[in-house]
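Observations on the model geometry
Spelled out from the first residue to the last, the chains are:
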Amino acid sequence: MPEGDTLHRVARRLQVLVGEQVEVETPHPRAQASIDVAQFDGRRLESAEAFGKNLLLRFEGGLLLRSHLRMSGRWTVRPRGHAGAGRPWLVLRGPVTEAVLWNGPVLEPHARALASLGPDILAVPPDLEAMLARIDRAESDRRFGDILQDQRLIAGIGNMWMAETLWHTRLSPWLRLTDVARDDRLRALETAAALMRDSVDDGRVPKKNAHGRGGRACPRCGTPIRSWGQGDANRIAYWCPVCQPGAAP
């Protein structure tokens with residue numbers, strides 16, 4: 001699933017359309033059922049910004065579109081009129097450039113979903129104290145890797161950045177929250193914010209040390225990286241059992 005840094009990079013690329021009157025199209029029938037495109041077509045795009053894993057497009061007249069990519073969606077920015085196969089969900093077409101949303105799957109004319117989210121890990125600066133306060137109220141027996149991915153506590157961190165953050169901080173994703181000291185919780189949040197901000201600024205995801213490397217050597221100690229499903233969603237956690245000691249399945 002695209003994580004917060006991906007959406008922040010998309011928001012940066014869409015800045016070329018901010019301030020422009022844009023033509024708005026919804027070629028895909030599911031997108032046509034989601035929004036009334038006539039409300040947006042021909043209006044000025046006032047801002048494009050990310051919050052967690054959401055992209056918020058604000059148009060003149062107080063109109064808004066929220067895009068969430070889930071597992072399959074993606075945004076591309078290309079020259080106006082670029083020929084391509086397939087039916088995108090949404091096209092924002094400016095005089096020179098157009099932004100295209102492929103595979104949806106969430107496109108809504110409101111931002112009500114944001115009310116349930118925690119602070120954005122990529123806010124400038126991130127509100128780490130507010131995140132810690134939310135974590136303090138979570139169930140104490142939950143695994144720390146699962147906690148970091150709970151969007152109600154912290155918006156933007158997904159499975160990949162959880163794995164990379166905990167590898168860098170030498171904390172096991174299988175530690176129960178009650179066993180993670182406050183200083184370590186803060187250190188994990190600071191590390192996640194720094195790693196993800198570097199990804200946004202560099203324009204790409206860096207080489208991974210743990211995520212997706214199950215069975216391969218840990219870059220730090222050479223021990224095979226382990227992997228196992230975690231939490232109700234059974235998202236695969238990746239960790240080094242030597243560098244990140246603690247309870248494990």
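For clarity, every value in this text was computed on a predicted model and none was experimentally measured.

1. Some thoughts on the packing of helix 3 (residues 128-136) against helix 6 (residues 182-202)
Closest axis-to-axis distance for the helix 3/helix 6 pair is 10 Å, and the angle between their directions is 130 degrees. As summarised for this structure, helix 3 and helix 6 are arranged oblique, according to the angle between their axes. The chirality of how helix 3 crosses helix 6 is right-handed. Between helix 3 and helix 6, the residues in contact are L128, E129, M131, L132, I135 and D136 and R182, R185, L186, L189 and E190, respectively.

2. Examining unusual backbone geometry
In this model, G104 is joined to P105 through a cis peptide bond whose omega is -10 degrees. Looking at the element boundaries, P105 is found in the loop between strand 7 (97-102) and strand 8 (106-108). The omega torsion across V124 and P125 is -5 degrees, close enough to zero to call that bond cis. Position of P125 among the secondary structure elements: in the loop between strand 8 and helix 3. Phi is positive for N234, close to 55 degrees, though the residue is something other than glycine. Position of N234 relative to the elements: it lies in the loop between strand 9 (226-230) and strand 10 (235-239).

3. Some words on the sheet that holds strand 4 (residues 63-68)
Strand order across the open sheet formed by 4 strands is 2-3-4-8, with antiparallel pairing between neighbours. Sheet topology places strand 2 (45-51) and strand 8 at the edges, where each strand pairs with a single neighbour. The mean angle between the axes of side-by-side strands here comes to 15 degrees, regardless of whether they run parallel or antiparallel. Pairing between strand 3 (residues 54-59) and strand 4: 6 bridges, direction antiparallel. From the neighbouring strand, L57 faces strand 4, where its bridge partner is L65.

4. Some remarks on helix 5 (residues 159-169)
Counting buried positions along helix 5 gives 10 out of 11 residues, so the element sits mostly inside the fold. The complete set of buried residues in helix 5 reads N159, M160, W161, M162, A163, E164, T165, L166, W167 and T169. Here the buried face of helix 5 lies against helix 1 (4-13), helix 4 (144-148), helix 6, strand 9 and strand 10. Following helix 5 by one or two positions, R170 has its phi on the positive side, about 60 degrees.

5. What to know about the pairing of strand 7
Along strand 7, 6 of the 6 residues are buried, which leaves the element largely enclosed by surrounding structure. In the sheet, strand 5 (residues 74-79) pairs with strand 7 via 6 bridges, with the strands oriented antiparallel. Bridge pairing links R74 to W102 in strand 7. Direction of pairing for strand 6 (residues 90-93) relative to strand 7: antiparallel, over a ladder of 4 bridges. By the bridge assignment, L90 is partnered in strand 7 with L101. Where strand 6 hands over to strand 7, the hairpin turn is made up of 3 residues, counted between the paired strands.

6. Some details on the nonpolar core
Among the nonpolar cores identified, the biggest contains 32 residues, and I121, F144, I154, I157 and L189 are the most heavily contacted of them. The element best represented in this core is helix 6, accounting for 8 residues. Apart from residues lying up to four places away in sequence, I157 is in contact with E3, K53, I121, L148, Q149, Q151, M162, A192 and M196. Counting residues in hydrophobic clusters, the runner-up holds 26 residues, among them V22, A31, A50 and L55.

7. Here's the deal with the sheet that holds strand 5
Here 4 strands make up an open sheet; going across it, the order is 1-6-7-5 and the pairing antiparallel. Across the chains shown, the open sheet's two edge strands, defined by having one partner strand only, are strand 1 (23-25) and strand 5. Direction aside, the axes of adjacent strands within the sheet are offset by 15 degrees on average. Inspection of the sheet shows strand 1 paired to strand 6 by 3 bridges, in the antiparallel sense.

What counts, and at which threshold
- Residues numbered from 1 in each chain as written.
- Predicted model: local features only at pLDDT ≥ 70, side-chain atom pairs only at ≥ 80, totals over all residues.
- Heavy atoms only, no water.
- Axes fitted to C-alpha atoms, helices over the stretch in contact; angles between N-to-C directions.
- Helix = DSSP H or I, 4+ residues; strand = E, 2+ residues; numbered from the N terminus.
- Parallel < 35°, antiparallel > 145°, perpendicular 65-115°, else oblique.
- Left-handed = near helix turned anticlockwise from the far one by under 90°.
- Contact = heavy atoms within 4.5 Å.
- Pairing = 2+ DSSP bridges.
- Buried < 20%, exposed > 50% of the residue type's maximum accessible area, 1.4 Å probe, protein only.
- Core = buried A, V, L, I, M, F, W, Y, C linked by side-chain atoms within 4.5 Å.

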